[in-house]
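Chain by chain, the residues:
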Amino acid sequence: MFLRIDHVGIACHDLEEKIAFYESTFGLTVVSREVNEEQGVKEAMLHVAEGEGGASYVQLLEPLSPETAVGKFLAKRGEGVHHIGYGVADVTRALQEIAGKGVRLIDSRPRHGSMGAAIAFLHPKDVGGALTELVEAPRRSS
């Protein structure tokens, strides 16, 4: 079902500071910046590598306010890994299959994600404590 690790989401207090760190320390390059009002974050996607299943990224997340999910995460746990995103071919089909195995879904249907992806989250209590995101990359025309 999983094609690759699409990204690792990192919660941070200062997006610009973390971007500078990842660029200078690891040589990563920002490929996308977005404000996602629905999720309450400013974010940057930094390219890590290309693989057989597609690209992988580090996603840096700064909350738009302390009341957002990422804002609450930072207040409780501090900066660090917020979630792991796995690439799938069809997020709707993956949700149906996973729900059929008894895993609770945060999203029962896909929603808009970074760089035009369709995404959905699984309940962390059913996935070993890790907030898990399914990511269907947008179709690219050739």
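The rules behind the values
- Residues numbered from 1 in each chain as written.
- Predicted model: local features only at pLDDT ≥ 70, side-chain atom pairs only at ≥ 80, totals over all residues.
- Heavy atoms only, no water.
- Helix = DSSP H or I, 4+ residues; strand = E, 2+ residues; numbered from the N terminus.
- Polar contact = N/O pair within 3.5 Å; in protein donor to acceptor, adjacent residues only side chain to side chain.
- Contact = heavy atoms within 4.5 Å.
- Buried < 20%, exposed > 50% of the residue type's maximum accessible area, 1.4 Å probe, protein only.
- Salt bridge = Lys/Arg side-chain N within 4 Å of Asp/Glu carboxyl O.
- Expected span 1.5 Å × (residues − 1).
- Arc of directions from axis to C-beta.
- Pairing = 2+ DSSP bridges.

Here we look at the side chain of Asp-107
Alright, step 1. Among the structural elements, Asp-107 can be located in the loop between helix 3 (91-100) and strand 6 (111-112).
Alright, step 2. Among the polar contacts listed, one links the side chain of Asp-107 to the side chain of Arg-111, at a separation of 3.1 Å.
Alright, step 3. Setting aside its immediate chain neighbours within four residues, Asp-107 contacts Leu-95, Ala-120 and Phe-121.

Let's talk about the environment of Gly-85
Alright, step 1. As for its position among the elements, Gly-85 is in strand 5 (residues 80-87).
Alright, step 2. For Gly-85, a relative accessible area of 0% corresponds to the buried category.
Alright, step 3. Through-space distance from the C-alpha of Gly-85 to that of Glu-133 is 4.4 Å; in sequence the pair is 48 residues apart.
Alright, step 4. Setting aside anything within four residues of it in sequence, one finds Gly-85 in contact with Arg-4, Ile-5, Asp-6, His-7, Glu-133 and Val-135.

Considering the pattern of salt bridges
Alright, step 1. For the coordinates displayed, the defined rule picks out 8 salt bridges.
Alright, step 2. Between Glu-97 and Lys-101 there is a salt bridge, and its shortest N-O distance comes to 3.6 Å.
Alright, step 3. The residue Asp-126 makes a salt bridge to Arg-104 at a minimum N-O spacing of 3.0 Å. Highlighted residues: Asp-126 in the loop between strand 7 (118-122) and strand 8 (132-136) and Arg-104 in the loop between helix 3 and strand 6, separated in sequence by 22 residues.
Alright, step 4. According to the relative accessible area criterion, Asp-126 is partly exposed, its value standing at 29%.
Alright, step 5. Beyond isolated ion pairs, a larger network of salt bridges with shared partners links Glu-38, Asp-107 and Arg-111.

Overview of unusual backbone geometry
Alright, step 1. Phi angles above zero are rare outside glycine, and Met-115 is one such case at about 55°.
Alright, step 2. By the secondary structure assignment, Met-115 is in the loop between strand 6 and strand 7.
Alright, step 3. Owing to a relative accessible area of 24%, Met-115 belongs among the partly exposed residues under this scheme.

Quick look at helix 1 (residues 15-26)
Alright, step 1. Taking 1.5 Å per residue, 12 residues should reach 16 Å; helix 1 reaches 16 Å between its end C-alpha atoms and fits that length.
Alright, step 2. For helix 1, the complete set of buried residues consists of Leu-15, Lys-18, Ile-19 and Tyr-22. Summarising the axial view, the buried residues of helix 1 lie within an arc of 105°, below the 170-degree limit, and thus occupy one face. For helix 1, the exposed residues lying more than 90 degrees away from the buried face are Glu-17 and Ser-24.
Alright, step 3. Looking at the buried positions of helix 1, the neighbouring elements they touch are strand 1 (4-11), strand 2 (29-36), strand 3 (41-51) and strand 4 (54-63).

A few points about the pairing of strand 1
Alright, step 1. Burial of strand 1 is extensive: 6 of the 8 residues sit out of reach of the surface.
Alright, step 2. Relative to strand 5, strand 1 is paired through 7 bridges, and the arrangement is antiparallel. Within the sheet, the bridge partner assigned to Ile-5 lies in strand 5 and is Tyr-86.

Geometry only, nothing functional implied.
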